[in-house]
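The lines below spell out each chain.
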Amino acid sequence: MNSASDNLTWSWDKGLVLLLSLVAAAVLMATPQLITPYPAQAAWFESAAFFPRVTLGLACMAGLFELYQRRNALELADSDELDSSAANIRQALGMLALFGLYMLAVPWMGYLSSTWLFLTASGAWLGLSRRATLGLSVLLSLGMWVVFVKVLKVYFGHGWLI
């Protein structure tokens, strides 16, 4: 079990979680300035900032919750959680890079085509079979396009593709 003094010490991972939560909160607040063109007259659920704001808010809350959990951390043998030492950092950083490219591609290419490319590249990067990658990327990109563009009417700008 951890002692009270262990809960007060800050390790690099706690600092990183706090930093990421604060960055998510800052980007959350700056979201309207980061999205161009930003249609201010759109309803909140049709706004281009809706999905990023929800995601960033969840990331911020999850980071703060993780900090709280780490404050009362159990020994690994007593935990039912996954062992993060088995994580592949190369794959995680690659997925972050792919997501960054995806964010840049959406306004330039269009939501449907950039989502399909992102999901296809992600499946290839993670080592999924070609059949699974193609099936998942087509179904998910079409499903997300219908939900966000057609049903919720989220504005993603006008890319040169769909």
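Here is what the cut-offs are and how they apply
Numbering of residues starts from 1 in every chain and runs along the sequence as written. The model is predicted, so local features are restricted to residues of pLDDT at least 70 and side-chain atom pairs to those at 80 or more, both for listing and for counting; the totals for chains, interfaces and linings are taken over all residues. To get the side-chain values, take all heavy atoms of the structure and skip hydrogens and water. Residues enter patches when they are more than 30% accessible in relative terms and free of salt bridges; like-charged ones are connected within 9 Å and nonpolar ones (Val, Leu, Ile, Met, Phe, Trp, Tyr) within 5 Å. Per-residue and other accessible areas were derived by the Shrake-Rupley procedure at a 1.4 Å probe size, with only the shown protein chains allowed to occlude residues. Any carboxyl oxygen of Asp or Glu within 4 Å of a side-chain nitrogen of Lys or Arg constitutes a salt bridge here. Counting from the N terminus, the helices are the DSSP runs of H or I reaching at least four residues and the strands are the DSSP runs of E reaching at least two. Relative accessibility decides the category of a residue: with a 1.4 Å probe and only protein chains considered, values under 20% of the type maximum give buried, values over 50% give exposed, and everything between is partly exposed. Pairing of aromatic side chains requires ring centres within 6.5 Å, counting the rings of Phe and Tyr and the six-membered ring of Trp. Pairs whose planes differ by under 30 degrees are stacked, by over 60 edge-to-face, and all others tilted. For our purposes a nonpolar core is just a set of buried Ala, Val, Leu, Ile, Met, Phe, Trp, Tyr and Cys residues, chained together by side-chain atoms within 4.5 Å. To estimate the expected span of a helix, count its residues, drop one, and scale the result by 1.5 Å. In this description, contact between two residues means that some pair of their heavy atoms is separated by no more than 4.5 Å. Angles shown run from 0 to 180 degrees and are taken between the N-to-C directions of axes, each axis being a line fitted to C-alpha atoms and, for helices, limited to the stretch in contact. By the definition used in this description, the sense in which the near helix is turned from the far one sets the handedness, with an anticlockwise turn below a right angle giving left-handed and a clockwise turn giving right-handed.

**As for a nonpolar patch on the surface**
Taken together, the side chains of W12, L16, L19, L20, V23, V27 and L34 define a hydrophobic patch exposed on the protein surface, amounting to about 720 Å² of accessible area. For L20, the location among the structural elements is in helix α2 (residues 12-34). Classification of L20 by relative accessible area gives exposed; the value is 52%.

**Brief notes about the packing of aromatic side chains**
Inspection of every chain in the model, using the stated rule, returns four aromatic pairs. Measuring from centroid to centroid gives 5.9 Å for F99 and Y102, while their planes differ by 50 degrees, and the two rings are tilted. With a gap of three residues between them, F99 and Y102 both fall in helix α4 (residues 89-109), about one helical turn apart. Taking the relative accessible area as the measure of exposure, Y102 reaches 11% and is therefore buried. Consider the rings of Y111 and F148, whose centres lie 6.4 Å apart with planes at 80 degrees: the pair is edge-to-face. In this pair, Y111 is assigned in helix α5 (residues 111-126) and F148 in helix α6 (residues 130-151), connecting sequence segments 37 residues apart. An aromatic cluster is defined as three or more aromatic residues linked by ring pairs; in this entry it consists of F99, Y102 and F118.

**Remarks on the nonpolar core**
Core analysis: the biggest nonpolar cluster contains nine residues, these being L98, Y102, V106, Y111, F118, L119, F148, V154 and F156. Of all the elements in the fold, those that place two or more residues in this core are α4 and α5.

**Some details on α4**
An ideal rise of 1.5 Å per residue puts 30 Å on 21 residues; α4 measures up with 29 Å between its terminal C-alpha atoms. For α4, the secondary structure elements touched by its buried residues are α5. Following α4 by one or two positions, G110 adopts a phi angle in the positive range, close to 120 degrees.

**Quick word on the packing of α5 against α6**
The description of two packed helices rests on the angle between their axes and on the distance between the axes. α6 packs onto α5 with a crossing angle of 150 degrees between their chain directions and a minimal axis gap of 9 Å. As α5 packs across α6, the resulting crossing turns out to be right-handed. Touching Y111, L112, T115, W116, L119, T120, G123 and A124 of α5 are T133, L134, S137, V138, L140, S141, L142, M144, W145, F148 and V149, all from α6.

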